[in-house]
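Here are the chains, one letter per residue:
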2 protein chains.
Amino acid sequence: MLFRQLFDRESCTYTYLLADGGEGILIDPVKELVERDVEVAQQLNVKLKYLLNTHCHADHVTGTGDLKKVLPDAKSVISKASGAKADVLVNDGDAIAFGSRHVTVHATPGHTDGCVTFVLDDKSMCFTGDAVLVRGCGRTDFQQGDAGKLFDSVHEKVFSLPDETFVYPAHDYKGRTRSTVGEEKKYNLRLTKSRDEFIDIMANLGLPYPKMIDVAVPANLVCGIQDE
Amino acid sequence: MLFRQLFDRESCTYTYLLADGGEGILIDPVKELVERDVEVAQQLNVKLKYLLNTHCHADHVTGTGDLKKVLPDAKSVISKASGAKADVLVNDGDAIAFGSRHVTVHATPGHTDGCVTFVLDDKSMCFTGDAVLVRGCGRTDFQQGDAGKLFDSVHEKVFSLPDETFVYPAHDYKGRTRSTVGEEKKYNLRLTKSRDEFIDIMANLGLPYPKMIDVAVPANLVCGIQDE
Ligand SMILES: [Fe+2]
Ligand SMILES: [Fe+2]
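Residues numbered from 1 in each chain as written. Chains lettered and ligands numbered in written order. Predicted model: local features only at pLDDT ≥ 70, side-chain atom pairs only at ≥ 80, totals over all residues. Heavy atoms only, no water.

What follows covers the interface of chain A and chain B. Listed by partner, the interface residues are 25 residues for chain A and 25 residues for chain B. Carbon and sulfur atoms make up 44% of the area that chain A and chain B hide from each other, which totals about 2,200 Å². Looking at the side of chain A facing chain B, the largest losses of area belong to Arg4, Arg9 and Gln43 of chain A, adding up to 28% of the total buried there. For the pair chain A and chain B, the interface holds 2 salt bridges. (Contact = heavy atoms within 4.5 Å. Buried area = accessible area lost by both parts, 1.4 Å probe. Salt bridge = Lys/Arg side-chain N within 4 Å of Asp/Glu carboxyl O.)

Encoded structure:
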């Protein structure tokens, strides 16, 4: 399987390309970097089949809308629970195939209602969006955020994966490109706490209002629309 | 083998951690991110044995000096040809071992006189510094830069590796985390040209004077000194 991790310096978002037999998927592309992503896929002889969003992001506009203009055969994907529009609306347990491989959709709500984690067929990798970040997690104070729900999601759906599974998050602000389930179970600064402590921590982060949210969320709710 | 890629958003430098059997090496650490790197190694139970520099960088100060203060058993490494001080001065063909694995030193001068590429024992990865960047290469207009020498280095020492060998550069400014020898042989915007065209391109880049050079180079020339 071909695998590439790509980074947006602006929003610190990671985009992932997975491909097999010339067919690929792109997870969490960023609008400003669509040209780069198309070039990478093209030069690696990958036909992009699905453009996946782990959730309706508040910090950057997804690249899936613009990608569909350039790659009319590619289908945008987001969870049904996100409330966003896309070509394919997925639910917990669904599989998204490329070549002879697939990722499975695991509903991991809490950061938003529609957050999902994509798990590769052999469980060697998971793409956690903002549910699990390296040593951290996404905030839960807007966009239907619910700390208790996030805690349960992560413990049931991510921390139940093998310790060796690589965790590929939607962001990292310190340049760490991946982690493992084992590491996060041991060293995550928030998710290793008790459920009550976690809820308390998340209620008191005192973070500023996300600067991109009023632009990004409305745009991302129509991420799958080609001609808006 | 354990492998981690780390990124500095400021200088767009990649730092690499390779480890086996609890022993590790760190390639091109950045001074400002020493704390992060020590934590990553510690949490992964890696004892850092060698701190490697691909060359005397002009765009950031190496982390090897500060790392040695925190990890007194770790040895700084740079090429003899760099003219810089370090605990271990290496030459073409030397091996640097960690656990049951090693990287081999390949002299790849041209960007600077002392540039080396580290090649992993099984040739699955090479760490090219600024000799080969994703679709590009380091400039050759200062620090003993010599475009003809760089062209020859890359063609003899990097493009002779298997097409599948991953290329891990010292930098990328577009968030691409790796490439392969095969890709660079096909798509590198400069190194796919003829030797004469390459020399011509490199002579006419018209780049500004590197803003960090007057701070970084003197500091990096003593990268291996513990108490300066
Ligand atoms: Fe988010
Ligand atoms: Fe350099």
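The next subject is the environment of leucine 150 of chain A. All names here are of chain A. Here leucine 150 is to be found in helix α3 (residues 147-158). In this structure, the C-alpha to C-alpha distance between leucine 150 and leucine 191, residues 41 residues apart in sequence, is 9.3 Å. Residue contacts for leucine 150: discarding those within four places in its chain leaves Pro109, Gly110, His111, Ala131, Cys137, Gly138, Thr140 and Phe198. (Helix = DSSP H or I, 4+ residues; strand = E, 2+ residues; numbered from the N terminus.)

It is worth spelling out the coordination of the iron ion (ligand 1) at this point. In this structure, His55 of chain A (NE2), His111 of chain A (NE2) and Asp130 of chain A (OD) serve as the protein donors to the iron ion (ligand 1), at separations of 2.1 to 2.4 Å. A residue is classified by how much of its surface remains accessible, and histidine 111 of chain A, at 4% relative accessible area, is buried. (Donors = N, O, S within 2.8 Å, 3.2 Å for Na, K, Ca; no water. Buried < 20%, exposed > 50% of the residue type's maximum accessible area, 1.4 Å probe, protein only.)

Using the criterion set out here, one finds 0 disulfides over all chains in the structure. Cysteine cysteine 115 of chain B shares no disulfide, and the gap to the nearest cysteine sulfur, in cysteine 56 of chain B, comes to 9.4 Å. (Disulfide = S-S within 2.5 Å.)

Feature annotation in UniProt places "domain: Metallo-beta-lactamase" (unreviewed entry) on residues 12-171 of chain A, given in this structure's numbering. Along residues 12-171 of chain A, the helical share is 18% and the strand share 32%, with 5 Å between the first and last C-alpha atoms. (UniProt positions renumbered as here; feature names shortened; annotations may be inferred.)

Another point: the pairing of strand β3 (residues 23-27) of chain B. Residues and elements named next belong to chain B. Most of β3 is tucked away: 4 of the 5 residues are buried. By the bridge criterion, 5 bridges tie strand β2 (residues 13-20) to β3 in an arrangement that is antiparallel. Bridging from a neighbouring strand, tyrosine 16 pairs with isoleucine 27 of β3. Between β2 and β3, which follow one another and run antiparallel, lie 2 residues, and glycine 21 among them has a positive phi close to 55°. (Pairing = 2+ DSSP bridges.)

Time to look at the pairing of strand β1 (residues 2-8) of chain B. Residues and elements named next belong to chain B. With respect to burial, β1 is a largely interior element, 6 of its 7 residues being buried. Two strands pair when backbone bridges link them, and β1 and β2 are joined in this way by 7 bridges, in the antiparallel orientation. What sits directly across from leucine 2, in β2, is alanine 19. From the end of β1 to the start of β2, which pair antiparallel, there are 4 residues, and cysteine 12 there has a positive phi angle of about 55°.

Attention now goes to the sheet that holds strand β11 (residues 166-169) of chain B. All names here are of chain B. An order of β7-β8-β9-β10-β11-β12 is seen for the 6 strands of this open sheet, with the pairing classed as mixed. Strand pairing shows two members of the sheet lacking a second neighbour, β7 (95-98) and β12 (179-180), which therefore form its edges. Two strands pair when backbone bridges link them, and strand β10 (residues 125-129) and β11 are joined in this way by 4 bridges, in the parallel orientation. Paired with cysteine 126 across the bridge in β11 is valine 167.

Summarising the model, chain A shows a mean pLDDT of 95, and 98% of its residues fall at 70 or more. Model confidence for the complex: the whole-complex pTM is 0.96, and ipTM, which rates the interface, is 0.94. (pLDDT = per-residue confidence, 0-100.)

What follows covers the packing of α3 of chain A against helix α5 (residues 195-203) of chain A. All names here are of chain A. Taken N-terminus to C-terminus, the directions of α3 and α5 make an angle of 130°; their axes are 9 Å apart at the nearest point. Here α3 is positioned oblique relative to α5, judged by the angle of their axes. Considering how the two elements wind past one another, α3 and α5 form a crossing that is right-handed. Contacts from Ala147, Gly148, Lys149, Leu150, Phe151 and Asp152 in α3 reach Arg195, Phe198, Ile199 and Met202 in α5. In terms of residue class, the contact of α3 with α5 is built from 6 nonpolar, 1 polar and 3 charged. (Axes fitted to C-alpha atoms, helices over the stretch in contact; angles between N-to-C directions. Parallel < 35°, antiparallel > 145°, perpendicular 65-115°, else oblique. Left-handed = near helix turned anticlockwise from the far one by under 90°. Nonpolar A, V, L, I, M, F, W, Y, C, P; charged D, E, K, R; others polar.)

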